[in-house]
Amino acid sequence: MRNQQVVDVLVIGAGPSGSTVAIDLVRRGFDVRIVDRSPHAFDGSRAKGIQPRSLEVLEDLGALDEVLAGGSTYPKLGIHAGPLAVPWKMFTHREATPDVPYPNTWLIPQFRTDRALHARLGELGREIEFGRELTELTQDEDTVVAKVVGPDGVEEIVARYAVGADGGSSAVRKQLDIGFVGTTDEADRVLIVDASVSGLARNRWHMWPGLGGKLIGACPLPDSDMFQWMIRLTPDEKPPQEIGPIIDRIHSHTRNRHIQLHDIHWQSVFRPNIRLAEHYGRGRVFLVGDAAHVHTPAGAQGLNTGMQDGYNLAWKLGQVLAGADPALLDTYEAERQPIAAGVLGLSTEKWGGIAKLDPSSMKRGKDEQQLSLTYYGGPLAPADSSDTSTLHVGDRAPDARLLGADGAETRLFDFFQGPHFTAIAYGPGAARDLELLNWPTTGAQLKRLTVGSAAGFSDPRNTLRSAYGLNGDTLLLIRPDGYVGHIATRDYLTSTQSAARAMTPRARSRTMSQPSRTSPDSGANG
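Residues numbered from 1 in each chain as written. Predicted model: local features only at pLDDT ≥ 70, side-chain atom pairs only at ≥ 80, totals over all residues. Heavy atoms only, no water.

Let's talk about the pairing of strand β2 (residues 32-36)
Burial within β2 is extensive, with five of its five residues counted as buried. Going residue by residue along β2, you find Val-32, Ile-34 and Asp-36 tucked away on one face and Arg-33 and Val-35 tucked away on the opposite face as well. Note that strand β1 (residues 6-12) and β2 share four bridges and pair parallel. Residue Ile-12 lies in a different strand from β2, and its bridge partner there is Val-35. Each parallel crossover has a hand, and the one from β1 via helix α1 (residues 16-27) to β2 is right-handed. (Buried < 20%, exposed > 50% of the residue type's maximum accessible area, 1.4 Å probe, protein only. Helix = DSSP H or I, 4+ residues; strand = E, 2+ residues; numbered from the N terminus. Pairing = 2+ DSSP bridges. Right-handed = clockwise from strand over helix to strand, strands pointing away.)

Focus: the sheet that holds strand β12 (residues 180-184)
Taken together, the three strands give an open sheet; going across it, the order is β12-β18-β21, and neighbouring strands pair in antiparallel fashion. Of all strands in the sheet, those bounded by a partner on one side alone are β12 and β21 (293-294). Examined bridge by bridge, strand β18 (residues 273-277) and β21 share two bridges and lie antiparallel to one another. Looking at the pairing, Leu-276 lines up with His-293 of β21.

Description of the environment of His-293
Tracing the chain through its elements places His-293 in strand β21. Along the backbone, His-293 and Ala-340 are 47 residues apart, and their C-alpha atoms lie at a distance of 6.7 Å. With sequence-adjacent residues up to four places away left out, His-293 is seen in contact with Phe-180, Arg-275, Leu-276, Tyr-280, Gly-302, Thr-305, Gly-306, Asp-309 and Ala-340. Of note is the side chain of His-293, whose polar atom sits 2.6 Å from the side chain of Asp-309. (Contact = heavy atoms within 4.5 Å. Polar contact = N/O pair within 3.5 Å; in protein donor to acceptor, adjacent residues only side chain to side chain.)

Here's the deal with the side chain of His-420
For His-420, the location among the structural elements is in the loop between α10 (412-416) and β24 (421-426). Residue His-420 is classed as buried on the basis of its relative accessible area, which comes to 10%. Here Phe-415 takes part through its backbone oxygen, which lies 2.7 Å from a polar atom of the side chain of His-420. If we skip the residues at most four places from it in the chain, His-420 touches Phe-415, Ala-444, Gln-445, Lys-447, Arg-479 and Pro-480.

Comments concerning the sheet that holds strand β15 (residues 215-220)
With respect to topology, seven strands assemble into an open sheet ordered β6-β5-β14-β15-β16-β13-β17, the strand pairing being mixed. Strands at the two margins of the open sheet, each flanked by one partner only, are β6 (84-88) and β17 (260-270). On average, adjacent strands in this sheet sit at an angle of 20° to one another, irrespective of strand direction. Sheet analysis places strand β5 (residues 76-81) next to strand β14 (residues 204-209), joined by four bridges and oriented parallel. Opposite Ile-79, over in β14, you have Met-207 as the bridge partner. Helix α6 (residues 243-254) rests against β13 (189-198), β14, β15, β16 (226-233) and β17 of the sheet, and its axis sits at about 90° to β17. (Axes fitted to C-alpha atoms, helices over the stretch in contact; angles between N-to-C directions.)

Focus on α6
Look at α6: 16 Å from first C-alpha to last across 12 residues, which is about the 16 Å you get at 1.5 Å a residue. Where α6 is concerned, the buried positions are Ile-246, Ile-247, Arg-249, Ile-250, His-251 and Thr-254. Tucked into the core, α6 has its buried residues touching β13, β14, β15, β16 and β17. (Expected span 1.5 Å × (residues − 1).)

Given below as structure tokens:
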């Protein structure tokens, strides 16, 4: 019998992508259910690199502290050639700057990232419903109906929208009959093993290359005695399953019998799928993360790209539920699918280079950090928009350090944190127009920030001016996901209102499919 209670959004899959969607929507006040077919949270280290942009997302969502506590920066590589181990700097260590507070990729096993997000969701009053598997998905003009099988039998969940975050073999994608274009190389397999280890230094990510693309790697997992082992199998090799044969395989390749594995905590055989969904949704159902794109593990891109899918989609769902034009949801695919296509190319190139023992393929730099990814030229950031000397509309909005009237220093990201838009008025002319800017009372609210006027904040070290390339009065509108939504260097008021119209609720009566979510407009003017 159909459950007649209608939730705002059903999220199917509780990995990092689905958890990101759920956290962002719950903190906006929406009714969300998140289900996962697994009986419990994921236990493996699988995707272990969190990129700088994702650290910024985690900070906004309120999960960063636990992620930082459960990880570390990456150690140097130790490339073994016979009895020698050559140190190799995979990452260039960078110091934090006012515009980039988290400049280094963070090493943390995925099970800790998952649990940090789940803990944050719990703080917001929602729990993951594990052991519930999707079996059927239908939709009409107003709702989505999902049949899930759980411990208590079959349940029908009715939602206004649904999000498939259920991995590369996504049942949601299959129910939508969306093509998953690409390749799977069945002959190229890697055995991944999380194991407690002795006899191996923990200050290196060890790699033992071999001819013909043979490779074994062992990366130390922070705050544990575990390493993540990556054993590239030969095309006809049967993966060893038990600890004894796995140790024998490691010894035969590394020639180091001091290495001992004591407990295996998790293991899996990985095949490099390289696939991209033809569409990121259909009707009222959307795909995020591995359900929309799968990558090789090279460059630590998959988990990060998936989290940012969810971060892009959630605020748009919230705005449409609050009454914005549903066409806003079309911008999700338009913005995120090209990003995934580029990431697929990057990780595939790195993976191929590793097989050829190309040292440059082991280097990691700005391409992997995802700080320079942009939506410029997309539907919310047309190429004919105004810009500054450093930023286009659609670029990531940098951090900066400002002084309040009381002399206390404040990070710009502190103003961004939360589910709102932020307007930054730089200079007195922009500040006057910002005061006149009308903002809808429904949906994500507007935080107003003035810099350089008598009553506002100051930029004594020019961190804002430099990072944002400001040469005069400017009004900037920052989207809830931390990207520049509009830049006005003249005609501040009318151009900003015009840009906001595509992203905010229209004046309309409340309906079941688009409930009102209100909170007071907030200001920050010192």
